[in-house]
Amino acid sequence: MYEGAVQDLIDEFGRLPGIGPKSAQRIAFHVLEADRADMDRLADAIRAVKDKVKFCAVCFNVSEQELCNICRDPKRDETVLCVVEESKDVMAVERTRSFRGRYHVLGGSINPIAGIGPEQLHIRELLNRLHDDTIEEVIIATDPNLEGEATSTYLARMLKSLGIKITRLASGLPVGGDLEYADEVTLGRAFEGRRSAIG
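Just so we're clear, the structure is a prediction, and the values are computed from it rather than from any experiment. (Residues numbered from 1 in each chain as written. Predicted model: local features only at pLDDT ≥ 70, side-chain atom pairs only at ≥ 80, totals over all residues. Heavy atoms only, no water.)

Here the focus is the UniProt feature "zinc finger region: C4-type" (unreviewed entry) in the protein. The positions that UniProt labels "zinc finger region: C4-type" (unreviewed entry) are, in the present scheme, residues 56-71. Helix makes up 19% of residues 56-71 and strand makes up 12%, while its end C-alpha atoms are separated by 8 Å. (UniProt positions renumbered as here; feature names shortened; annotations may be inferred. Helix = DSSP H or I, 4+ residues; strand = E, 2+ residues; numbered from the N terminus.)

Before going further, it helps to examine the confidence of the model for the protein. Per-residue confidence for the protein gives a mean pLDDT of 91; residues scoring 70 or more make up 97%. The least confident element of the protein, judged by mean pLDDT, is helix 8 (residues 184-192) at 77; the most confident is strand 4 (residues 102-105) at 98. (pLDDT = per-residue confidence, 0-100.)

What follows is about the sheet that holds strand 5 (residues 137-140). Two modes of strand pairing occur in sheets, parallel and antiparallel, and in both the strands are linked by backbone hydrogen bonds. Strand order in the open sheet formed by four strands is 4-3-5-6, with parallel pairing between adjacent strands. One side of each edge strand has no neighbouring strand; the edge strands of this open sheet are strand 4 and strand 6 (165-168). Sheet twist, expressed as the mean angle between neighbouring strand axes with direction ignored, is 25 degrees. The pairing of strand 5 with strand 6 spans four bridges and is parallel. Counterpart to isoleucine 139 in the pairing with strand 6 is threonine 167. (Pairing = 2+ DSSP bridges. Axes fitted to C-alpha atoms, helices over the stretch in contact; angles between N-to-C directions.)

Quick look at the state of the cysteines now. Going through the model one piece at a time under the given rule, you end up with zero disulfides. Of all cysteine sulfurs, the one in cysteine 71 lies closest to cysteine 56, which takes part in no disulfide; the gap is 3.7 Å. Look at cysteine 56 and you get buried, because its relative accessible area is 1%. (Disulfide = S-S within 2.5 Å. Buried < 20%, exposed > 50% of the residue type's maximum accessible area, 1.4 Å probe, protein only.)

What follows covers the pattern of salt bridges. Under the counting rule described, the total for this entry stands at eight salt bridges. In this structure, arginine 36 and aspartate 40 form a salt bridge, with 3.4 Å as the shortest nitrogen-oxygen distance. Of the two residues, arginine 36 and aspartate 40 are both situated in helix 3 (residues 36-52); the distance of four residues between them amounts to about one turn of the helix. The closest approach of N and O atoms between aspartate 73 and arginine 100, which form a salt bridge, is 3.7 Å. A residue pair is termed long-range when its members are at least 10 positions apart, and aspartate 73 in the loop between helix 4 (69-72) and strand 3 (80-84) and arginine 100 in the loop between helix 5 (87-96) and strand 4 qualify at 27 residues. Take arginine 100: its relative accessible area is 45%, and that puts it in the partly exposed class. (Salt bridge = Lys/Arg side-chain N within 4 Å of Asp/Glu carboxyl O.)

What follows is the structure, given as structure tokens:
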């Protein structure tokens, strides 16, 4: 245990996701040893994010305006909607340059253990978006884990009656991976999602 401000800083860094006690201590001492101007810029950047960034009124992606860049872009395909868990997932899909539709960010996934049910997610808003007959396909792009699968199954059952095409991202083996190291679920998905090797 360190005194006052140092321990407070370590404790605060330790509350961040993916930061354990050792990493929190390392980061705190980096802050102590770093140039004052660099740390002022970091503090200003954190304040600016909290002051300026909000969620898009339509898709719930992060934005500094009422609507995010994607919702404002008239070149995006309004007939296809990709449903993701978090804003970081939007960026992951955008990096592929394979999708030109619009998004809907749920704000998480169904996780009863953590007390997160459908009511805590932006599912009601998703349903509202689907009632204007513009959207022809919903791509469910939740994480391939237990919570993501539960969310995907819930959404697929809920949206089935709307007469909209509902698809799920394919999943399987990563390029460069070895079969012997693949878990059963991933390998099973790879078999389900197989395609022709000719043409």
